[in-house]
Amino acid sequence: MIKPIPRISSRRNGRIGSRKTGRRIPKGIIHVQASFNNTIVTVTDVRGRVVSWSSAGTSGFKGAKRGTPFAAQSAAVNAIRTVVDQGMQRAEVMIKGPGPGRDAALRAIRRSGILLSFVRDVTPMPHNGCRPPKKRRV
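Okay, so let's go over this structure. Note that the coordinates shown come from a computational prediction; the quantities given were computed from them, not determined experimentally.

## Focus on helix α3 (residues 102-111)
In step 1: All buried positions along α3 are accounted for by A104, A105, L106, A108 and I109.
In step 2: Close packing links the buried residues of α3 with β1 (27-34), α2 (69-85), β4 (90-96) and β5 (115-121).

## Structural notes on the environment of I29
In step 1: By secondary structure assignment, the location of I29 is in strand β1.
In step 2: In this structure, the C-alpha to C-alpha distance between I29 and V43, residues 14 residues apart in sequence, is 5.8 Å.
In step 3: Ignoring anything within four residues of it in the chain, the contact list for I29 reads T42, V43, T44, D45, V46, E92 and M94.

## Some thoughts on the pairing of β1
In step 1: Here β1 pairs with β4 via seven bridges, running parallel. The partner of V32 across the bridge, within β4, is I95.
In step 2: Direction of pairing for β1 relative to strand β2 (residues 39-45): antiparallel, over a ladder of seven bridges. Note that in β2 the partner of V32 across the bridge is V41.
In step 3: Where β1 folds back onto β2 in an antiparallel hairpin, the turn is made up of four residues.

## What to know about α2
In step 1: For α2, spanning 17 residues, the distance from its first C-alpha to its last is 25 Å, which sits close to the expected 24 Å at 1.5 Å a residue.
In step 2: When we look at burial in α2, the residues that qualify are A71, A72, S74, A75, A76, A79, I80 and V83.
In step 3: Along its buried surface, α2 packs onto β1, β2, β3 (50-55) and α3.
In step 4: Phi turns positive one or two residues past the end of α2, at G87, with a value near 100°.

## What about the pairing of β4?
In step 1: A large share of β4 lies buried, amounting to five of its seven residues.
In step 2: Inspection of the sheet shows β4 paired to β5 by five bridges, in the parallel sense. By the bridge assignment for β5, I95 is matched with D121.
In step 3: Handedness of the crossover joining β4 and β5 through α3: right-handed.

Reading the values: rules and limits
- Residues numbered from 1 in each chain as written.
- Predicted model: local features only at pLDDT ≥ 70, side-chain atom pairs only at ≥ 80, totals over all residues.
- Heavy atoms only, no water.
- Buried < 20%, exposed > 50% of the residue type's maximum accessible area, 1.4 Å probe, protein only.
- Helix = DSSP H or I, 4+ residues; strand = E, 2+ residues; numbered from the N terminus.
- Contact = heavy atoms within 4.5 Å.
- Pairing = 2+ DSSP bridges.
- Expected span 1.5 Å × (residues − 1).
- Right-handed = clockwise from strand over helix to strand, strands pointing away.

Structure, rendered in structure tokens:
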């Protein structure tokens, strides 16, 4: 049986140019998800496509240190550093969750030099939905 010869100049085989360096993003949305154990910072463009993201775990913190405000601050700095290089000047901030990294991540975003149009809290609040778990007895 003869093997088919692969086409070298096929468009499916590889990208022609790198898309990450070519895109200029003037405005974006910064999503901060702060749980008690970790803080995830995601930067998207206006249409919702992810441009950059970072978390306290990818910033080098492991275990209980991921839930600290300092870990959230470094995660926000790591996520924003790449989009500032791509030309982002304005951003909206959406904060979700009750974690200790909320304020620290917002402080790091403000210090980065990006002009914030608004900061919105999008934490999901139940309208008497599911029954909560029973109280802990310590």
